[in-house]
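Working through the structure, step by step
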Amino acid sequence: MKNKQITGNNKRGSVLTLIGITVMILLTFTKVVPSSSIASYSVFVGIAFFFIIEAVAKTPNAESGLRFNTIVEDIKKPSVIVWILLPSLSGIVTLVVGNLIFSGEFVVHVMGRTSSILSFDKTALLIGQVIIAAFGEEIAYRGFFLGKGMKIFPFWLCAVVSSLTFAAGHIASGNMGIVVYDIAAVFIDSLIFSVIYHKSGNCVISTFSHILGNAISLVAVFLFF
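Just so you know, these numbers come straight off a predicted model, no measurement behind them. Sequence order as written defines the numbering, with residues in each chain counted from 1. With pLDDT at 70 or above as the cut-off, local features in this predicted model cover only qualifying residues; side-chain atom pairs require 80 or more to be listed or tallied, and sums for whole chains, interfaces and linings still use all residues. Only hydrogens and water are set aside when side-chain values are computed; all heavy atoms of the structure are taken into account.

Remarks on the packing of helix α4 (residues 80–101) against helix α9 (residues 203–224)
The interhelical angle for the contact between α4 and α9, taken along N-to-C directions, is 25°, at an axis separation of 9 Å. Here α4 lies roughly parallel to α9, going by the angle between them. Regarding α4 and α9, the two cross each other, and that crossing is right-handed. Of the residues in α9, those touching α4 at V80, W83, I84, L85, P87, S88, G91, I92 and L95 are I205, S209, L212, G213, I216, S217, A220 and V221. Residue composition of the contact of α4 with α9, grouped by class: twelve nonpolar, five polar and no charged. Whenever a helix is involved, its axis is fitted only over the stretch in contact; in every case the axis is a line through C-alpha atoms, and angles between N-to-C directions fall within 0 to 180 degrees. Where helices and strands are cited, they refer to DSSP runs of H or I of at least four residues and of E of at least two residues respectively, numbered from the N terminus. Angular relationships are summarised with four words: roughly parallel below 35 degrees, roughly antiparallel beyond 145, roughly perpendicular across 65 to 115, and oblique for the angles in between. A clockwise turn of the near helix away from the far one marks a right-handed crossing, whereas an anticlockwise turn of less than a right angle marks a left-handed crossing. Contacts are assigned to residue pairs with any non-hydrogen atoms lying within 4.5 Å of each other. Ten residues, namely Ala, Val, Leu, Ile, Met, Phe, Trp, Tyr, Cys and Pro, are considered nonpolar, four, namely Asp, Glu, Lys and Arg, are considered charged, and the remaining ones, Gly among them, are considered polar.

Some points on the side chain of S90
Its place among the elements puts S90 in helix α4. A polar contact of 2.6 Å, which involves the side chain of S90, links it to the side chain of D189. Think of a polar contact as two N or O atoms within 3.5 Å of one another; within protein, one of them needs to be a possible hydrogen donor and the other a possible acceptor, and neighboring residues in sequence only count if both atoms come from side chains.

Topic: the pattern of salt bridges
By definition, a salt bridge exists where a carboxyl oxygen of Asp or Glu is found within 4 Å of a side-chain nitrogen of Lys or Arg. Scanning the entire structure with this criterion turns up five salt bridges. In this structure, E138 and R142 form a salt bridge, with 2.7 Å as the shortest nitrogen-oxygen distance. Here E138 pairs with R142, and both are found in helix α6 (residues 123–149), just four residues apart, close to one helical turn. Each member of the pair, E138 together with R142, is buried. One salt-bridge network, held together by shared partners, links R67, D74 and K77. Exposed residues in this analysis have more than 50% of their type's maximum accessible area, buried residues have under 20%, and partly exposed residues fall in between, with area computed by a 1.4 Å probe over protein chains only.

Regarding the confidence of the model for the protein chain
Fine structural detail should not be taken from predicted coordinates in areas where pLDDT scores are low. Mean pLDDT over the protein chain stands at 90; residues scoring 70 or higher make up 92%. The predictor reports its confidence for every residue as pLDDT, a score running from 0 up to 100. Across residues 1–6 the pLDDT falls below 50, and counting only partners more than four positions away or on other chains, this stretch makes one contact in the model.

Focus: the packing of helix α7 (residues 155–168) against helix α8 (residues 176–200)
Direction vectors running N to C along α7 and α8 enclose 140°, while the axes themselves pass 8 Å from each other. As far as their axial angle goes, α8 and α7 are oblique. Considering the relative orientation of α7 and α8, their crossing is right-handed. Here F155, A159, V160, S162, S163, L164, F166 and A167 of α7 lie close against α8, whose contacting residues are I183, V186, F187, S190, L191, S194, V195 and H198.

A word on unusual backbone geometry
Not every positive phi belongs to a glycine, and K58 is a case in point at roughly 50°. Locating K58 in the fold gives a position in the loop between α2 (41–56) and α3 (71–75). Residue classification places K58 among the exposed positions, given a relative accessible area of 55%. Within the chain, S103 stands out as a residue other than glycine whose phi angle is a positive 50°. Locating S103 in the fold gives a position in the loop between α4 and α5 (105–114). What makes S103 exposed here is its relative accessible area of 65%.

Have a look at this one:
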């Protein structure tokens, strides 16, 4: 009887996962019209479905994709720390190469597309916004889209589709070459976050990497660009 109940919970979780992923994709890809104001709601959808599915499937804490009590153990897993540091390096490389190719316009583009959600003139508020934004995106795209999606589809497929969707959410109006370069960089970072989640099983760990990468890139922009 207990096994049947678990199976039923898993089936409901799978159905909810497919619904949530579909809604996230549809919302995010409205961003192909850069002025779209509803794409950002995909993050809230992902967060909501993550917690709904955890409750419906009665996911044990040890198997949850969002764990605070195993942070130390998860960071110590093979090669996780190396992957955590990669987005920080890729962020610097992206800025340097982008600035060289587009004669300084790339940084202006990135600052422009993030100015609506980040308060660059208020340091304390900016720090909080960077942390909250990264944490929300990781729960939605790694904890839910990738983590729950992997229970249905192969990791590589979930990683690619979730990263394409995540990157699409960062589309902004501007020079086509700069936009493509920017989205490609976001896609690569998203793939790295996906690997971190896959290796650690914990979106808190991918959040650390996300926050660190964003913070270092912001500091670099203020100091050198």
